[in-house]
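So you can see what is in the structure, the chains are spelled out below.
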Amino acid sequence: MQELILKGLGKRKVKAILNQFIKDQINLALEHNHKIILSSVIYLNEYVKGMDELEDEPFEVDDLFKFIGNKI
């Protein structure tokens, strides 16, 4: 099901989500004076409007990177 969702979003949108996710993770760490460590999961409903039904379903960040070809 996750692959179907990612294909529906498209590589361009997934790349934009990952870019925003990375920025959010860095800003959060800097704001709280923590080491910059990226979470291994992402909740797409935080980045895509209308995906509230995925609220409890995390996606592996590695899977999103693989989907876009391991490049930002």
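Remember, it's a predicted structure, so these values are computed and weren't measured experimentally.

Trainee: Any details on unusual backbone geometry? Residues and values, ideally.
Mentor: Unusually for a residue other than glycine, N33 sits at a positive phi of about 55°. Relative to the helices and strands, N33 resides in the loop between α2 (11-31) and β1 (41-42). Of note in the backbone geometry, N70 takes a positive phi value of approximately 60° without being a glycine. Locating N70 in the fold gives a position in the segment after α3 (61-67).

Trainee: Go over a negative patch on the surface, please, and point to the residues and values.
Mentor: A contiguous patch of negative charge, built from E3, E60, D62 and D63, is present on the exposed surface. Residue placement: E60 occurs in strand β2 (residues 59-60). Judged by its relative accessible area of 37%, E60 falls in the partly exposed class.

Trainee: Report on α2, specifying residues and quantitative values.
Mentor: Compared with an ideal rise of 1.5 Å per residue, which puts 21 residues at 30 Å, α2 spans 30 Å between its outermost C-alpha atoms and is within 8% of the ideal. Of the positions making up α2, those classed as buried are V14, I17, L18, F21, I22, Q25 and A29. Angularly, the buried residues of α2 cover 135° about the axis, an arc narrow enough to put them on a single face. Away from the buried face of α2 by more than 90 degrees, exposed residues R12, K23, L30 and E31 are located. N33 occupies a position one or two residues after α2 and carries a positive phi of about 55°.

Trainee: Describe in detail the nonpolar core, supporting the description with residues and values.
Mentor: Of all hydrophobic cores here, the largest spans 18 residues; its most connected members are L6, V14, L18, I42, L44, F59 and L64. When contributions to this core are tallied by element, the ones reaching two or more residues are α1 (2-9), α2 and α3. Sorting elements by how many residues they give to this core places α2 first, with five residues. When residues no more than four places from it in sequence are discounted, the contact partners of L44 are I5, L6, L9, I17, M51, F59 and L64.

Trainee: For the confidence of the model for the protein, give the residues involved together with the corresponding values.
Mentor: Per-residue confidence for the protein averages 91 on the pLDDT scale, and 96% of its residues sit at or above 70. The least confident element of the protein, judged by mean pLDDT, is α1 at 90; the most confident is α2 at 97.

Trainee: Can you break down the side chain of Q25 residue by residue, with the values?
Mentor: With respect to the helices and strands, Q25 occurs in helix α2. What makes Q25 buried here is its relative accessible area of 18%. With sequence-adjacent residues up to four places away left out, Q25 is seen in contact with I37, L38 and S39.

Thresholds applied
Residues numbered from 1 in each chain as written. Predicted model: local features only at pLDDT ≥ 70, side-chain atom pairs only at ≥ 80, totals over all residues. Heavy atoms only, no water. Helix = DSSP H or I, 4+ residues; strand = E, 2+ residues; numbered from the N terminus. Patch = residues over 30% accessible without salt bridge, like charges linked within 9 Å, V, L, I, M, F, W, Y side chains within 5 Å. Areas by Shrake-Rupley, 256 points an atom, 1.4 Å probe, with all protein chains shown as cover. Salt bridge = Lys/Arg side-chain N within 4 Å of Asp/Glu carboxyl O. Lys, Arg positive; Asp, Glu negative; His and termini not counted. Charge placed at Lys NZ, Arg CZ, Asp CG, Glu CD. Buried < 20%, exposed > 50% of the residue type's maximum accessible area, 1.4 Å probe, protein only. Expected span 1.5 Å × (residues − 1). Arc of directions from axis to C-beta. Core = buried A, V, L, I, M, F, W, Y, C linked by side-chain atoms within 4.5 Å. Contact = heavy atoms within 4.5 Å. pLDDT = per-residue confidence, 0-100.

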